Amino acid sequence: MRKFLLLLLLSTPLLILGQTKVSGIVNDEYGDPVAFANVIFKDSNEGTITNEDGRFYLESNESFDALWVSFVGYELTTVPLSKKITYDLSIVLKEEASALDEVVVYSGKTSKKDNPALVILRKIWENRRENGVKKFKQYEYDKYEKLEFDLNTIDSGLIKSKVFKGMEFVWEQIDTSKITGNSYLPIFINEAISKVYGDNLLKGEKEILEGNKNSGFENNQTLIAFIKDLYKEYDVYDNYMKFFDKAFTSPLSKTGIDVYNYVLLDSAYRDNKWCYNIVYYPRRKNELTFKGDFWVNDTTWAIKEINLQASKSANLNWVREVYIEQEFDVLNDSIFLITRDYFLSDFSLKKKEGARGIYGKRTTLYDNYEFDKQKDKKFYGEQTDPYAYEIYNRPDDFWEQKRMESLSKDEKGVYKMLDTLKEIPRFKSLYNIAATLASGYYEVGNIDVGPVFSVFGFNEAEGLRIRLGGRTYFSQNDPWRLEVFGAYGFRDERFKYGISGKWLLDRKSRLTIFGGNRKDVEQTGASLTNSNDVLGRSLASSALITVGANDRLMNLNLSTLGFSVEPAKNLLFRVTGSYRTLRSATDTFSIDYIDENGDIQSEISQPEIRFTLGYTPKRKTSGYGVERTIINDGDFASFFAGYTYGMKDILGGDFEYSKLQALYTQPWNIGGIGRLWSTVEVGKIFDPVPLGLLSPVPGNQTLFSIYNTFSNLDFYEFVTDTYTSLHLRHNFGGRIFSRIPLLRDLDLREIVGFRAIYGSISDENIAINASNIVYQAPEDIYWEWSVGVGNIFRVFRLDFNFRGNYLGNPDARKFGITGEFGFSF
């Protein structure tokens, strides 16, 4: 009897074609759902656990005629199955009159004392394993990766929809998920074969792509790279598993006892290794946790198999389901090697049952491990070309030989279906609409018109501003690109324009030349570390709504010419020559200065030469053209350093000066308490210059939360020639709100921020000032702080900003509210 009830908690779904399928909900006699109840096919060890809403799905390749459903405090219930496929089954558990004294089962809130599962868990901690390849000097192995997207929850309404008129043949590929029980239609598949080499002494690893095959459209590399980054590598032995920009608590974490309930379920041989089976499930809702089970060896305490299913109530946007399976091959007492990794996510606009969504699935297989085969040190530094033609055009026999797992009938059908689908005009139209929304550009032949989101703007100088632009675009890997725009302000009745071009001369070193010219109205007081991007323009220059008058603007005429080179991955050197003229764009703002003859001048003409270095370790990009797409934006550190030399009497230059600037930005994942972004900036100008060439502290008079600006400062409220600033922003990811009733179910997220700057201004710079700005530098360290609520309706954040000091400044804003729209998981 005890053995039989212990088996009820098994929750490893079989990933093979099923003959018996059943789904439903388990409630108590009062109609309340029973979370984490045990559901198992009668007389078997194939089962699952209900989710927080009491729902379950179970599938087997065998035929069964009944279910056993059990939970502590309730009677064991046998549910007959009259058909092989039974959906929406409603099961009611009756309360038990007395406890089952003869059964040792942990359910509900398990004890932290005298729990044999926790004894085993501590053994796992004591014998925590590194990945087996880290135990050798060198290693290499074959890797096969399959990525797939599926449209799910297919019903008659979708099949008959006018959207799919003329494309009805796609429904021939419909299948049912073994994990969720929902119907799905494969729409995209990508396969990759790689050889991975590593040297633990040199701390280097290199993955060489040998073959890539995908369905759908040409130039899918960006989509593939994005999906791969979405499903980052993770280690179940780490305390936190990071994906979707979130840190989920691993069931093997040393903090797991406070987060999970653990049940010692069973013991049995797994591939000739005696193992214990432990089931786990979360203690609380709304946290980034999993439910599932794992098998652990009884002598090495290494994990043999594990599956993880994210909690339905986890504070995660756009993702309805996350399911992970991993299998390991235990070689000896100290080494285990991963052999299979399966990751399924269900993306949906709505989390409710029955809503349509898209499955994203990644299957990774590892084989042919070899160790201690040393390679030359240069091997790991040499760059390979992952975009070579032959890699993406391997013959079928290559895939038949190299593929580690055969494709299913549906997966094979995807290649043929997409080839047919992309020739249908209606599908092309839908694809073009989606591409415009994603990129911001509308494709017209080899010209992209846009960005469509920058058409309208407003400021005090131009009034209402209309902007239209375009760029050449033959493919994402174009070796050269031209971009132009034209804009018109209805208040100043002036036309503005910009043109730029860039050309990649050498793909290996990424030697690129660039140049351009822009005549425009610009807000130069919105950032400290300015770039010479000829078409770059800040939001502050033309925000439709601002706090106070956004009238401290300049008429800018900027020309640039330069080159850049990337001698090592993510290390960029750039040399830029520029010439600019600056003058005030409004009557209420002046940049006047006193020249060396004592005369007042209102315009600045200034040639510069600038040397910059940028380093972005762990940045991932897609493509090999003159422009590349950053895949993991916001997920890597960034270091910038620059030296600028201003030239006098060359091309009519007004001032000679030197400027040094540096910036360091770092994101930090802080375990289970969220994510921190930090930025430090320093700079100094060594010679006297007028207002237009100084470093004003970046204010923010827009209603948007703009990182690296000061939300309670007006533009040019502080002006410096020497500065050091610090910006901190931390997102707790809902850790606090998830413990507060009423707020818990809203999936809100807590954000706190702190910003500070020290700066000074020299007497020489003050002496030549003739503008209407009275120079004031934050020598007492200006600071402000903010608290915010994010994930409002899943797309909006609201920040409440408080000024810390300098409250006596004229029109000082002691408090302000800003917001930000954005999509995040």
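Okay, so let's go over this structure. Since we're looking at a predicted model, the values are computed, not measured. (Residues numbered from 1 in each chain as written. Predicted model: local features only at pLDDT ≥ 70, side-chain atom pairs only at ≥ 80, totals over all residues. Heavy atoms only, no water.)

1. Remarks on the side chain of R467
Link 1 in the chain: Topologically, R467 is positioned in strand β24 (residues 463–472).
Link 2 in the chain: No salt bridge is formed by the buried R467; the nearest opposite charge belongs to E483, separated by 5.2 Å.
Link 3 in the chain: R467 has contacts with G450, P451, S454, V455, F485, G486 and A487, leaving out every residue within four places of it along the chain. (Helix = DSSP H or I, 4+ residues; strand = E, 2+ residues; numbered from the N terminus. Buried < 20%, exposed > 50% of the residue type's maximum accessible area, 1.4 Å probe, protein only. Lys, Arg positive; Asp, Glu negative; His and termini not counted. Salt bridge = Lys/Arg side-chain N within 4 Å of Asp/Glu carboxyl O. Contact = heavy atoms within 4.5 Å.)

2. Brief notes about the pattern of salt bridges
Link 1 in the chain: In this structure the tally under the stated criterion is 36 salt bridges.
Link 2 in the chain: Note that R362 and D341 form a salt bridge whose closest N and O atoms lie 3.0 Å from each other. Of the two residues, R362 sits in strand β20 (residues 357–371) while D341 sits in strand β19 (residues 336–347), which places them 21 residues apart along the sequence. No difference in accessibility class separates R362 from D341, as the two residues are buried.

3. Thoughts on the nonpolar core
Link 1 in the chain: One finds F243 and F290 to be the most contacted residues of the largest nonpolar core, which totals 52 residues.
Link 2 in the chain: Among the elements that take part in this core, helix α2 (residues 116–126) stands out by supplying 6 residues, more than any other.
Link 3 in the chain: If you look at the next biggest cluster of nonpolar residues, it comprises 24 residues, including L582, F589, L694 and V719. (Core = buried A, V, L, I, M, F, W, Y, C linked by side-chain atoms within 4.5 Å.)

4. Details of the environment of G652
Link 1 in the chain: Within the secondary structure, G652 sits in the loop between β35 (638–646) and β36 (657–669).
Link 2 in the chain: Residue classification places G652 among the partly exposed positions, given a relative accessible area of 47%.
Link 3 in the chain: In this structure, the C-alpha to C-alpha distance between G652 and S605, residues 47 residues apart in sequence, is 6.6 Å.

5. Remarks on the sheet that holds strand β1 (residues 20–28)
Link 1 in the chain: Taken in spatial order, the 3 strands line up as β4-β1-β7 in an open sheet, and their pairing is mixed. Edge positions in the sheet fall to β4 (55–60) and β7 (85–93), since each has one partner strand and no second. Averaged over all neighbouring strand pairs, the angle between strand axes comes to 25°, with direction disregarded.
Link 2 in the chain: In this structure, β1 lies alongside β7, joined through 7 bridges in parallel fashion. Its bridge partner being in β7, I25 is matched across the sheet by S90. (Pairing = 2+ DSSP bridges. Axes fitted to C-alpha atoms, helices over the stretch in contact; angles between N-to-C directions.)

6. Examining the packing of aromatic side chains
Link 1 in the chain: Taken as a whole and assessed by the stated rule, the structure comprises 31 aromatic pairs.
Link 2 in the chain: Ring centres of F379 and Y380 lie 5.2 Å apart, and the angle between their planes is 85°; on these two criteria the pair is classed as edge-to-face.
Link 3 in the chain: A residue is classified by how much of its surface remains accessible, and Y380, at 17% relative accessible area, is buried.
Link 4 in the chain: Their ring planes at 45° and their centres at 4.8 Å tell us that F796 and F821 sit as a pair that is tilted. Here the residue F796 occupies a position in strand β43 (residues 796–803), and F821 occupies one in strand β44 (residues 815–821), the gap between them amounting to 25 residues.
Link 5 in the chain: Given the relative accessible area of 21%, F796 is considered partly exposed.
Link 6 in the chain: Pairwise contacts between aromatic rings join F136, Y139, Y141, Y366, Y369 and F371 into one cluster.
Link 7 in the chain: One Lys or Arg, R270, reaches over the ring of W295 and ends 4.3 Å from the middle of that ring.
Link 8 in the chain: One Lys or Arg, R729, reaches over the ring of W677 and ends 5.0 Å from the middle of that ring. (Phe/Tyr/Trp six-rings, centres within 6.5 Å; stacked < 30°, edge-to-face > 60°. Lys NZ or Arg CZ within 6 Å of the ring centre and 35° of its normal.)

7. A few points about the side chain of R735
Link 1 in the chain: Within the element layout of this structure, R735 appears in the loop between β40 (722–731) and β41 (749–760).
Link 2 in the chain: Buried charge without a salt bridge: R735, with E750 as the nearest opposite-charge side chain at an N-O distance of 6.8 Å.
Link 3 in the chain: Here A247 takes part through its backbone oxygen, which lies 3.4 Å from a polar atom of the side chain of R735.
Link 4 in the chain: Those residues in contact with R735 that lie beyond four places of it in its chain are A247, L288, G671, G672, I673, G674 and E750. (Polar contact = N/O pair within 3.5 Å; in protein donor to acceptor, adjacent residues only side chain to side chain.)

8. A closer look at the environment of P810
Link 1 in the chain: Looking at the element boundaries, P810 is found in the loop between β43 and β44.
Link 2 in the chain: With 93 residues separating them along the chain, P810 and E717 place their C-alpha atoms 9.4 Å apart.

9. Describing unusual backbone geometry
Link 1 in the chain: A positive phi is found at E493, a non-glycine position, where the angle reads about 55°.
Link 2 in the chain: As for its position among the elements, E493 is in the loop between β25 (480–489) and β26 (494–506).
Link 3 in the chain: Judged by its relative accessible area of 59%, E493 is exposed.
Link 4 in the chain: The backbone of D747 sits at a positive phi, close to 55°, despite the residue not being glycine.
Link 5 in the chain: Relative to the assigned elements, D747 resides in the loop between β40 and β41.

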